[in-house]
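Remarks on the overall topology
The primary structure of each chain is shown beneath.
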Amino acid sequence: MKNKVYLIDVTNRDGVQTSRILLPKLSKTMLNLYLDEMGVFQSEIGFPTLKHEVNYINANLDLVKIGVIKRMRLEGWCRAIPEDVKLTFKNCPDIKHINISISTSEIMIKGKFLGKKTFKDIVRSLSEAVKTAKELGAETVGVNAEDASRTDLERLIEFILVGKEAGADRFRYCDTLGTDDSISIYERIKTLALSTKFPIEMHCHNDLGMAEAVSVAGAQGAIEGGVDSYINTTVNGYGERCGNCDLVSTILALRFSHALKEKVPLDEKVDLKKSWKIGRYASYAFNIPIPINQPGVGANAFAHESGIHADGALKDRRNYELYDPEDVGRGKPELHETGRIITTGEYGGIKGFRHVYDKLGIHFHDDNEARRVLELVQYANLHTQKPLTDDELRFIATYPDITKKILTTNP
Ligand SMILES: [Zn+2]
């Protein structure tokens with residue numbers, strides 16, 4: 001079988017850990033549902049060792065069990081130390097996929113562990129952590145080399161082989177500081193793939209504005225080195241500092257760049273048409289506007305005004321457009337209420353609530369059922385602090401018990 005690129009979205013981990021931006025647990029759940037619909041292979045859903053994430057993670061694992069999340073794997077992130085792995089499985093016994101992370105570069109080993117750890121200690125900890133995860137029931141374990149881009153290749157090869165020997169399933173190459181360039185990362189990843197025959201995840205940051213370019217170049221190196229590759233993305237590129245590799249841009253690059261579409265085949269289950277929906281929802285939920293020039297989902301992605309461009313686009317759109325609005329799920333008119341509107345939320349009562357749900361085509365058996373869902377809607381709105389979307393309202397009414405779990409955080 002030909003090697004391919006699969007997408008692992010890390011919005012719910014890297015995106016939410018970012019300074020000054022955050023997501024409510026209900027929004028993280030909605031993103032998981034949309035990512036699954038979009039054909040993303042795996043979602044890094046958060047931190048199973050962090051107390052306030054536990055109910056949300058377990059509730060999302062329930063969504064997998066009852067078949068609401070259909071294909072996508074849910075994976076938790078923790079440090080590559082046995083204690084973290086044990087706590088992960090104690091908090092979330094049903095979790096099947098984890099990625100464990102530890103620094104590998106000399107600069108970080110010296111600068112972070114301050115002489116208390118050597119590279120030998122790092123690989124020992126990695127090996128123990130992988131074995132612990134497998135013993136506790138992990139189906140897949142990804143081993144993350146933090147700051148891989150500033151780590152010698154020989155060290156990375158040793159790290160990978162130790163992980164592989166302990167039972168890991170994939171290696172994550174973290175360009176943690178976004179320092180790699182396309183040509184050197186391609187060569188480094190190809191060397192790692194050829195020397196270890198181990199699948200490689202690309203995790204690249206955007207500090208030099210090249211996150212997508214280096215991610216796809218690394219993926220090409222992996223494919224040419226004879227292994228599958230996995231690109232870590234985030235919706236709208238949200239992530240530490242200048243962000244991560246943007247989900248929609250990455251799919252566009254792999255589908256429409258004339259050289260890449262042959263050389264770097266993308267998992268065919270990925271549905272680009274869901275881009276508009278997920279990009280807009282993430283923008284709303286994070287409360288960050290989408291830049292006007294954002295690939296695919298920005299307001300100007302299909303706008304033409306200057307004389308030569310407008311004339312050319314009117315004669316044949318292919319003169320100035322690489323892909324169509326419909327390719328990314330745009331083009332349909334959207335209705336916005338400009339007159340009277342009834343909403344429901346934090347302080348809503350039963351009449352307004354039933355009116356809103358009637359319009360969504362959701363009817364309750366009796367007042368008791370309606371009042372129970374109303375209470376959840378009140379709490380959900382308290383939790384998100386912005387008007388609930390139609391999909392959020394539908395989710396709450398359809399899965400009230402799971403919603404209750406998601407909303408429960410006890411300090
Ligand atoms: Zn990161």
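Residues numbered from 1 in each chain as written. Predicted model: local features only at pLDDT ≥ 70, side-chain atom pairs only at ≥ 80, totals over all residues.

1. Observations regarding the environment of Ala211
Inspection of the secondary structure puts Ala211 in helix α9 (residues 211-224). Look at Ala211 and you get buried, because 29 C-beta atoms sit within 10 Å. (Helix = DSSP H or I, 4+ residues; strand = E, 2+ residues; numbered from the N terminus. Buried ≥ 20, exposed ≤ 12 C-beta atoms within 10 Å, placed from the backbone.)

2. Looking at the domain arrangement of the protein chain
In terms of domains, the protein chain is made up of domain 1 (5-278) and domain 2 (350-407). Computed over C-alpha atoms only, the centres of domain 1 and domain 2 are separated by 34 Å. Only α2 (25-37) and α3 (54-65) provide two or more residues apiece to the side of domain 1 that touches domain 2. At six residues, α3 tops the list of elements feeding residues into the side of domain 1 that touches domain 2. Its residues assigned to classes, the side of domain 1 that touches domain 2 comprises six nonpolar, four polar and two charged. (Domains from an automatic or database assignment. Nonpolar A, V, L, I, M, F, W, Y, C, P; charged D, E, K, R; others polar.)

3. Notes on the packing of helix α8 (residues 182-196) against α9
Where α8 meets α9, the closest approach of the two axes is 7 Å, and the angle between their N-to-C directions is 30°. On the basis of their axis angle, the class for α8 and α9 is roughly parallel. As α8 packs across α9, the resulting crossing turns out to be right-handed. For the pair formed by α8 and α9, the contact residues are Ser182, Ile185, Tyr186, Glu187, Ile189, Lys190 and Ala193 on the first element and Ala213, Val214, Ala217, Gly218, Gln220, Gly221, Ala222 and Glu224 on the second. Broken down by class, the residue content of the contact of α8 with α9 amounts to eight nonpolar, four polar and three charged. (Axes fitted to C-alpha atoms, helices over the stretch in contact; angles between N-to-C directions. Parallel < 35°, antiparallel > 145°, perpendicular 65-115°, else oblique. Left-handed = near helix turned anticlockwise from the far one by under 90°. Contact = placed C-beta atoms within 7 Å.)

4. Things to note about α3
For α3, spanning twelve residues, the distance from its first C-alpha to its last is 17 Å, which sits close to the expected 16 Å at 1.5 Å a residue. Of the positions making up α3, those classed as buried are Val54, Tyr56, Ile57, Ala59, Asn60 and Leu63. Just beyond α3, the residue with positive phi is Gly67, at close to 80°. (Expected span 1.5 Å × (residues − 1).)

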